[in-house]
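# Coordinate inspection notes
Chain by chain, the residues run as shown.
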Amino acid sequence: ERRKYGAIGWTVPYEFNQSDLNACCLFLQNHLLDMDAKKAKDVTWSTIRYMIAEIQYGGRITDDWDRRQMITFAEKYFTQSSLEPGCVLHKNYAIPSGNDVNAYRNAIENNLPDVDSPEVL
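The sections below set out a description of the structure shown in this document. In this text the structure is predicted, and so the values were computed from the model without any measurement. (Residues numbered from 1 in each chain as written. Predicted model: local features only at pLDDT ≥ 70, side-chain atom pairs only at ≥ 80, totals over all residues. Heavy atoms only, no water.)

### So, the layout of surface pockets
Of the pockets and cavities examined, the second largest pocket occupies roughly 170 Å³. Surrounding the second largest pocket, L28, L32, V43, W45, I48, Y77, F78, S82 and L83 form its lining. Taken together, the elements giving at least two residues each to the lining of the second largest pocket come down to α1 (18–37) and α2 (45–56). Of the residues assigned to the lining of the second largest pocket, the class counts are 8 nonpolar, 1 polar and no charged. (1 Å grid on protein atoms, 1.4 Å probe; cavity = no way out; pocket = protein on both sides within 12 Å on 5 of 7 lines; lining within 4 Å. Points joined across faces, edges and corners; volume = space filled by probe spheres on them. Helix = DSSP H or I, 4+ residues; strand = E, 2+ residues; numbered from the N terminus. Nonpolar A, V, L, I, M, F, W, Y, C, P; charged D, E, K, R; others polar.)

Have a look at this one:
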């Protein structure tokens, strides 16, 4: 679906790929496990935002305005509020509550629009 709209909002069409996503997921997993081992009470969002927006994905970004945009996305979406019940990322795109995989599948199948608007992407 994402490819249908192209590089919306970016000055340069970057080739973000699955390995970028995998690297971010691995970082998040390791970071959260490390925090758990240290008995940290709060997620260190500034570290997560920096690693994802400046290093993992940001390492591919060459334009200053695009870097600024990526940092803005990170500041908006990588926050404590994204873990709170009822969080809505965009109109009609709420994050389901709980940890049950079936609840997430049900939310995807029944609550998400059949066609994404370009605003979402």
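Here the narrative resumes, following the displayed structure.
### Considerations on the side chain of H31
Assignment of secondary structure puts H31 in helix α1. A residue is classified by how much of its surface remains accessible, and H31, at 13% relative accessible area, is buried. At a separation of 2.6 Å, a polar atom in the side chain of H31 contacts the side chain of T44. With residues up to four places along the chain from it excluded, the contact list for H31 reads T44, T47 and I48. (Buried < 20%, exposed > 50% of the residue type's maximum accessible area, 1.4 Å probe, protein only. Polar contact = N/O pair within 3.5 Å; in protein donor to acceptor, adjacent residues only side chain to side chain. Contact = heavy atoms within 4.5 Å.)

### Regarding the environment of W65
Relative to the helices and strands, W65 is located in helix α3 (residues 64–77). Classification of W65 as exposed rests on a relative accessible area of 58%. On a C-alpha basis, the gap between W65 and V43 in space is 28 Å, while along the polypeptide they are 22 residues apart.

### Quick notes on the nonpolar core
A general trend in soluble globular proteins is that nonpolar side chains are found buried together. Core analysis: the largest hydrophobic core is formed by 12 residues, namely W10, Y14, C24, F27, W45, I48, I52, A53, Y57, I61, M70 and A74. Secondary structure elements with two or more residues in this core: α1, α2 and α3. Sort the elements by how many residues they give to this core and α2 lands first, with 4 residues. Once you skip the residues sitting within four places of it in the chain, W45 turns out to touch F78, T79, Q80, S82 and L83. (Core = buried A, V, L, I, M, F, W, Y, C linked by side-chain atoms within 4.5 Å.)

### Details of the packing of aromatic side chains
Enumeration according to the criterion identifies 2 aromatic pairs in this entry. Counting every residue linked through ring pairs, the aromatic cluster contains Y14, F16 and Y57. (Phe/Tyr/Trp six-rings, centres within 6.5 Å; stacked < 30°, edge-to-face > 60°.)

### Considerations on the pattern of salt bridges
For the coordinates displayed, the defined rule picks out 3 salt bridges. Between D34 and K38 there is a salt bridge, with its nearest N and O atoms 3.3 Å apart. You can call K38 exposed: its relative accessible area is 61%. Linking R67 and E54 is a salt bridge whose minimum nitrogen-to-oxygen distance equals 4.0 Å. Separated by 13 residues along the polypeptide, R67 in helix α3 and E54 in helix α2 bring together distant segments of the chain. Judged by relative accessible area, which is 26%, R67 ranks as partly exposed. (Salt bridge = Lys/Arg side-chain N within 4 Å of Asp/Glu carboxyl O.)

In short, geometric facts, not functional conclusions.
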